[in-house]
Amino acid sequence: MSFITRIPIFKKDLVLFGYEIKGYYEGSFMSCLEGCLNSIGLDVLSKEKILFLNVPSEIFEFDNLRDMIPPKRAVFIVNPSQISNKEVFKNLKNQGIMLCANISSTLELDNVKDFDYIKICASNFQGDWTQIPELFKGGKLLVEVGEKDIFNKAVNSGFDLFEGDFFIQPEIIARKELSPQKAVILSILQDVRQKDFDFSKIEEKIKRDPYLTIKLLKFINSAFFSFKTSINSIRQALVILGQQEFVRWLTLVILGKLNEGKPEEIVYRASERARFMELTANYVGLYERSQEAFLVGLFSLAPAMTDISMEEFVKEIPVTEDVRTSLLGRGIFTDLFNLRLAIENAKWLEMKKIAEGLGINPNKIEIIIYESIKWAHDSLLYIDRS
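Residues take numbers from 1 onward in each chain, read along the sequence in its written order. Where totals are concerned, whole chains, interfaces and linings use all residues; where local detail is concerned, this predicted model gives features only for residues with pLDDT of at least 70, and gives and counts side-chain atom pairs only at 80 or more. For side-chain calculations, the full set of non-hydrogen atoms in the structure is used, while hydrogens and water are omitted.

Trainee: How do you make sense of the environment of Val-15 when you look at a structure like this?
Mentor: Only DSSP runs of H or I covering at least 4 residues are called helices, and only runs of E covering at least 2 are called strands; the numbering of each starts at the N terminus. Tracing the backbone shows Val-15 in the loop between strand 1 (2-11) and strand 2 (16-25). Expressed as a C-alpha distance, the spacing of Val-15 and Met-30, which sit 15 residues apart in the sequence, is 30 Å.

Below you can see the structure in the form of structure tokens.
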């Protein structure tokens, strides 16, 4: 049994550089990594970026690490004391393994000058962490920050890479309103959620929006569906997709539109949350309401995308009262959402406690985590290409 979470690492322009992988596993780290890669593949897990892996000391006994994961695709995060033996360090470098030293004070800098990366956590660093770029001229510097103002401080100090939840923190602007175009797209979402779903009405609205028209026709003709014949009209696309699949697709497109000007990783995280909550709903007696659970996850990061408070955002979207109250933190889907947050924050004991309360087998959660990563990757890949 193993659980993982991916923490995005950004360049200073908020372009994705890679992911740090944190995990909980029973057994060996190598078995956990192998199982993860076999389930979803290296390219999906990393999104073809670099992976930063927290590894135990015993992994350094292996001579074939490069066979597990290509050296140019992974960085091992270690405490300097883990490889104080110069022969171990030399062996790793001879295999082409890139190393990241996790340090907590400037006193450790002399011992890590030959590392490829240096990582610190701004909140618990002993001393003035902003001085590190001046003191260390070796590898790239990675800093973990939680707040946007700390991120800005790190950028100005000269750090290279950044991780933490700063990128999903909204900058709430009083009385800010959705743009007219975004409001129209949300109105289409309201139409498709009516019981008397009217294809003709939806078709006319989509035709007035070139963005939606192009996205829909390209997506329906993509390899995601692999239809043998080309779909050439909106009406045909709507009929083939059906209401449920069309609504699912539309909400993903809406998310991308709401997120314009923000890191695309916000949409990926929201999509993973949505799929995770949809699948876990099936195991807690909410099978018939899994689509509502999906929406809670999908819209949970709306404030980060729109800079509108959640209280204001829920007034704009056509959702059930249970979805609305869950987005505000007090609804029927709140426990499922908290389960997902515990995984994202690598709080494994809290995750187990919530899962036990919900009656979910931890082995199911492992499968759902992998499925959520893969589904978000595949869905957004084809939508982005559309």
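Now, onward.
Trainee: I keep staring at the packing of aromatic side chains and nothing clicks. Help me out?
Mentor: Here the distance between the centres and the angle between the planes together describe a pair of aromatic rings. Here a Phe, Tyr or Trp ring, Trp counted by its six-membered ring, pairs with any other such ring whose centre lies within 6.5 Å, and the pair is stacked when the planes are under 30 degrees apart, edge-to-face when over 60, and tilted otherwise. According to the stated counting rule, one finds 14 aromatic pairs in the structure shown. Taken together, a centroid distance of 6.0 Å and an interplanar angle of 75° make the contact between Phe-10 and Phe-166 edge-to-face. Of this pair, Phe-10 sits in strand 1 while Phe-166 sits in the loop between strand 8 (161-163) and helix 7 (180-192); the two residues are 156 residues apart in sequence, bridging distant segments of the chain. When sorted by exposure, Phe-10 lands in the same class as Phe-166, which is buried. Put simply, the rings of Phe-10, Phe-151, Phe-162, Phe-166 and Phe-167 pair up and form one aromatic cluster. For a lysine, the NZ atom is tested; for an arginine, the CZ atom; a charge sits over a ring if that atom is within 6 Å of the ring centre and within 35 degrees of the ring normal. One residue, Lys-47, lies across the ring of Tyr-268, its end atom 3.2 Å from the ring centre. Geometry around Phe-276 places Arg-340 over its ring, the cationic atom sitting 5.2 Å from the centre. The classification of residues rests on relative accessible area computed with a 1.4 Å probe and restricted to protein chains. Under 20% of the type maximum is buried, over 50% is exposed, and intermediate values are partly exposed.

Trainee: Can you walk me through the packing of helix 11 (residues 265-281) against helix 16 (residues 334-344) in this structure?
Mentor: Helix packing geometry: the angle between the two helix axes and the distance between the axes. Fitted lines through C-alpha atoms serve as axes, helices being fitted only where they are in contact, and the angles separating the N-to-C directions of these axes extend from 0 to 180 degrees. Where helix 11 contacts helix 16, the two axes come as close as 10 Å, and the packing angle between them is 130°. Comparing the axis directions of helix 11 and helix 16 gives the class oblique. The handedness of the crossing between helix 11 and helix 16 is right-handed. Note on element contacts: helix 16 touches helix 11 through Leu-336, Phe-337, Leu-339, Arg-340, Leu-341, Ile-343 and Glu-344, opposite Arg-269, Glu-272, Arg-273, Phe-276, Met-277, Thr-280 and Ala-281. Ten residues, namely Ala, Val, Leu, Ile, Met, Phe, Trp, Tyr, Cys and Pro, are considered nonpolar, four, namely Asp, Glu, Lys and Arg, are considered charged, and the remaining ones, Gly among them, are considered polar. Along the lines of polarity and charge, the residues of the contact of helix 11 with helix 16 split into eight nonpolar, one polar and five charged. When an angle is under 35 degrees it counts as roughly parallel; over 145 it counts as roughly antiparallel; between 65 and 115 it counts as roughly perpendicular; any other value is oblique. Should the near helix be turned anticlockwise from the far one by less than a right angle, the crossing is left-handed, and should it be turned clockwise, the crossing is right-handed. The contact definition used throughout considers only heavy atoms, calling two residues in contact when any of these lie within 4.5 Å.

Trainee: Before we go on, may I ask you to explain the environment of Val-319 in this structure?
Mentor: Assignment of secondary structure puts Val-319 in the loop between helix 14 (310-313) and helix 15 (321-327). Every residue in contact with Val-319, bar those within four places of it in the chain, is listed here: Leu-295, Phe-299 and Arg-324.

Trainee: How do you make sense of unusual backbone geometry when you look at a structure like this?
Mentor: Negative phi values dominate among residues other than glycine, just as trans dominates among peptide bonds. The phi angle at Lys-47 is positive, at roughly 55°, despite the residue not being glycine. Mapped onto the fold, Lys-47 is located in the loop between helix 2 (42-46) and strand 3 (50-54). Unlike most non-glycine residues, Ala-346 shows phi in positive territory, near 55°. If you trace the backbone, Ala-346 turns up in the loop between helix 16 and helix 17 (348-358).

Trainee: Would you mind showing me how to read the pairing of strand 2 here?
Mentor: Each regular strand shows side chains that alternate between the opposite faces of the sheet. Criterion used throughout: strands pair if DSSP finds at least two bridges between them. Where strand 1 meets strand 2, nine bridges bridge the pair, whose relative direction is antiparallel. For Ile-9, the partnering residue across the bridge sits in strand 2 and is Gly-18. With antiparallel pairing between neighbouring strands as the criterion, strand 1 and strand 2 make up a hairpin whose turn holds four residues, including Leu-14 at a positive phi of roughly 70°.

Trainee: Looking at this structure, I do not really get the packing of helix 9 (residues 210-220) against helix 10 (residues 234-258). What am I missing?
Mentor: At their nearest, the axes of helix 9 and helix 10 sit 10 Å apart, and the two run at 115° to each other. Crossing handedness for the pair helix 9 and helix 10: right-handed. Facing Tyr-211, Leu-212, Thr-213, Lys-215, Leu-216, Leu-217, Phe-219 and Ile-220 of helix 9, the residues of helix 10 in contact are Ile-234, Ala-237, Leu-238, Leu-241, Phe-246, Trp-249, Leu-250, Val-253 and Lys-257. Residues that form the contact of helix 9 with helix 10 fall into these classes: 14 nonpolar, one polar and two charged.

Trainee: Help me understand the sheet that holds strand 5 (residues 98-102), please; the structure alone is not making it clear to me.
Mentor: For sheets, the rule is that strands pair by backbone hydrogen bonds, running either parallel or antiparallel. On the basis of which strands lie adjacent, the closed barrel formed by eight strands has the order 1-2-3-4-5-6-7-8 and mixed pairing. Ignoring which end each strand starts from, the neighbouring axes of this sheet average 25° apart. Pairing of strand 4 (residues 74-78) with strand 5 involves four bridges; the strand directions are parallel. Opposite Ile-77, over in strand 5, you have Cys-100 as the bridge partner.

Trainee: I would appreciate a short explanation of helix 8 (residues 199-207) in the present structure.
Mentor: The α-helix winds at 3.6 residues per turn, so residues separated by three or four positions along the chain end up facing the same way. Every buried residue of helix 8 is accounted for by Ile-202, Glu-203 and Ile-206. Down the axis, helix 8 shows its buried residues gathered within 100° of arc, on one side only. Here, the arc refers to the directions that run from the helix axis to the C-beta atoms.

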